[in-house]
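Listed here are the chains, written in short residue letters.
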Amino acid sequence: MQPMRFLDKWLSENINEEYILFKHTDLRTLFPQLSNAALKTLLSRAAYCGIIKRLCRGIYLFGNPDGRLLFRAASLLRADDFNYISLETALSDIGII
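Residues numbered from 1 in each chain as written. Predicted model: local features only at pLDDT ≥ 70, side-chain atom pairs only at ≥ 80, totals over all residues. Heavy atoms only, no water.

Further remarks concern the environment of Leu-11. Along the polypeptide, Leu-11 turns up in helix H1 (residues 3–14). Residue classification places Leu-11 among the buried residues on the basis of a relative accessible area of 0%. Taking C-alpha positions, Leu-11 is 35 Å from Leu-87, a pair spaced 76 residues apart along the chain. For Leu-11, the contacting residues outside a window of four places in its chain are Phe-22, Ile-52 and Phe-62. (Helix = DSSP H or I, 4+ residues; strand = E, 2+ residues; numbered from the N terminus. Buried < 20%, exposed > 50% of the residue type's maximum accessible area, 1.4 Å probe, protein only. Contact = heavy atoms within 4.5 Å.)

This paragraph deals with the environment of Tyr-19. Relative to the helices and strands, Tyr-19 resides in the loop between H1 and strand E1 (21–23). A sequence separation of 38 residues divides Tyr-19 from Arg-57, and the C-alpha atoms of the two residues are 18 Å apart.

Glancing now at the pattern of salt bridges. Oppositely charged side chains can form a pair if their charged atoms are brought close together. Under the criterion given, the structure shown has one salt bridge. As a salt-bridge pair, Lys-9 and Glu-13 come within 3.6 Å of each other at their nearest N and O atoms. In this pair, Lys-9 and Glu-13 both sit in helix H1, four residues apart, roughly one turn of the helix. What makes Lys-9 partly exposed here is its relative accessible area of 43%. With a relative accessible area of 53%, Glu-13 lands in the exposed category. (Salt bridge = Lys/Arg side-chain N within 4 Å of Asp/Glu carboxyl O.)

That's the geometry; what it means functionally is another story.
Structure, rendered in structure tokens:
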């Protein structure tokens with residue numbers, strides 16, 4: 001099976017509403033035969049075709065985002081650091097400000 005079709009099929013079967021964001025390194029185990037450059041090219045082509053969406057360098061979205069997309073992306077980018085939501089952000093999120 002071609003890598004693009006395999007990626008689309010695997011994402012459709014295994015990604016749920018809870019886990020819609022992933023790093024390019026998360027998909028390394030799906031394609032062990034591809035070099036790093038080939039994997040990046042595959043993800044770039046998948047984003048161009050609309051299978052996935054590129055949020056920023058190395059972070060991709062599959063599925064429909066919810067209102068917590070920004071928070072999930074921040075926690076994925078800074079997984080080893082302490083993350084918090086400021087009071088201003090929380091109040092803005094619920095519509096007070």
